[in-house]
Amino acid sequence: MTADAEPVLDPKNHVASVAKAIRLLELFTHEQPELNLETIVRRSKLTRTTTFRLLATLVLVGWVERNGDNYRLSLQVFRLGSTAVGSVELRHEARAVMTELAGKSGEDVYLVVPDGPRAVCLERIEGRSNVRMMALDVGKSLPLYIGGGGCALLAERESELLPLVLAEGDMTTATGQHLEVDELKRRLEQTRERGYSVSLEDVTAGVGALGAVVRNARGVAVAAVSVGAMLTTLLPRQDELAEAVTSAAADISSRLGYTRR
């Protein structure tokens, strides 16, 4: 959509004011990072009153800053853009490693990132197994206290993420098991000690997963990679698969610029 084109909006499916606000945000460029009200009105082709109210709202929520008579995008917008770029880079760097892990292990491999109290699947590579575990497909999410990737992230960032998990209320697994706080903390401690998480039938009956965190260049655990399999396959191969998943996580971390100190 260009700044000169009036968007065609279906009132049943769109909020016109949101579309108009985005039009204002798109007027700011590298060449002109600051614009005054008159310029924004002229380029947006909106009324002065509408433009002023939209800008006031964007300032209120922190997306735009006012600098005298001029307006400019806030750092909040740049942080959002950095997050999107970071996710693209993470997925790009992880895919080759995950494909290799899926090929060698024969099992499904997942990449998850934290989103508040949940883990969102960013990528999934299918292995050779005929069993398809669809509980965590791309775009879907699970509570951080279940699943290989989520538990690995929660263990690494417990002080930050556990309060968010507990604020959601009682912890019940997808298979109906109630999890007490003390038991969860014990599992998180075990995860840190062994260097990888173990998830057994908390997402799907008869299925387990092993997970390890992925770090960015600053050493922050920004994601986790996990391998899922039927328990009849996972348990006899636990040491082998654990070594494979932790190695894959370390490889992805290295690709993101992480250097172990």
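Everything below is about the structure printed above this text.
These figures come from a predicted structure and were not determined experimentally. (Residues numbered from 1 in each chain as written. Predicted model: local features only at pLDDT ≥ 70, side-chain atom pairs only at ≥ 80, totals over all residues. Heavy atoms only, no water.)

Engineer: So what about the side chain of Ser253? Which residues, and what values?
Structural biologist: Its location among the elements puts Ser253 in helix H9 (residues 238–255). Among the polar contacts made by the side chain of Ser253, one reaches the main-chain carbonyl oxygen of Ala249 at a distance of 2.8 Å. Residue contacts for Ser253: discarding those within four places in its chain leaves Val213, Val214, Arg215 and Tyr258. (Helix = DSSP H or I, 4+ residues; strand = E, 2+ residues; numbered from the N terminus. Polar contact = N/O pair within 3.5 Å; in protein donor to acceptor, adjacent residues only side chain to side chain. Contact = heavy atoms within 4.5 Å.)

Engineer: Hey, could you go over helix H6 (residues 158–166) for me, with residue numbers and the actual values?
Structural biologist: Of the positions making up H6, those classed as buried are Glu158, Leu161, Leu162 and Val165. Taken around the axis of H6, the buried residues stretch over an arc of 105°, which confines them to a single face. Structurally, H6 contributes buried residues whose contacts are with strand E4 (108–115), helix H5 (148–156), strand E7 (171–172) and helix H7 (181–194). (Buried < 20%, exposed > 50% of the residue type's maximum accessible area, 1.4 Å probe, protein only. Arc of directions from axis to C-beta.)

Engineer: Provide a residue-level description of the sheet that holds strand E2 (residues 64–67), including the pertinent values.
Structural biologist: Spatial ordering of the open sheet is given by E1-E3-E2, a layout of 3 strands whose pairing is antiparallel. Every other strand in the sheet has two partners, leaving strand E1 (34–36) and E2 as the edge strands with one partner each. Adjacent strand axes in the sheet meet at a mean angle of 35°, parallel and antiparallel pairs treated alike. The pairing of E1 with strand E3 (residues 70–73) spans 3 bridges and is classified as antiparallel. (Pairing = 2+ DSSP bridges. Axes fitted to C-alpha atoms, helices over the stretch in contact; angles between N-to-C directions.)

These results come straight from atomic positions and should not be treated as a statement about function.
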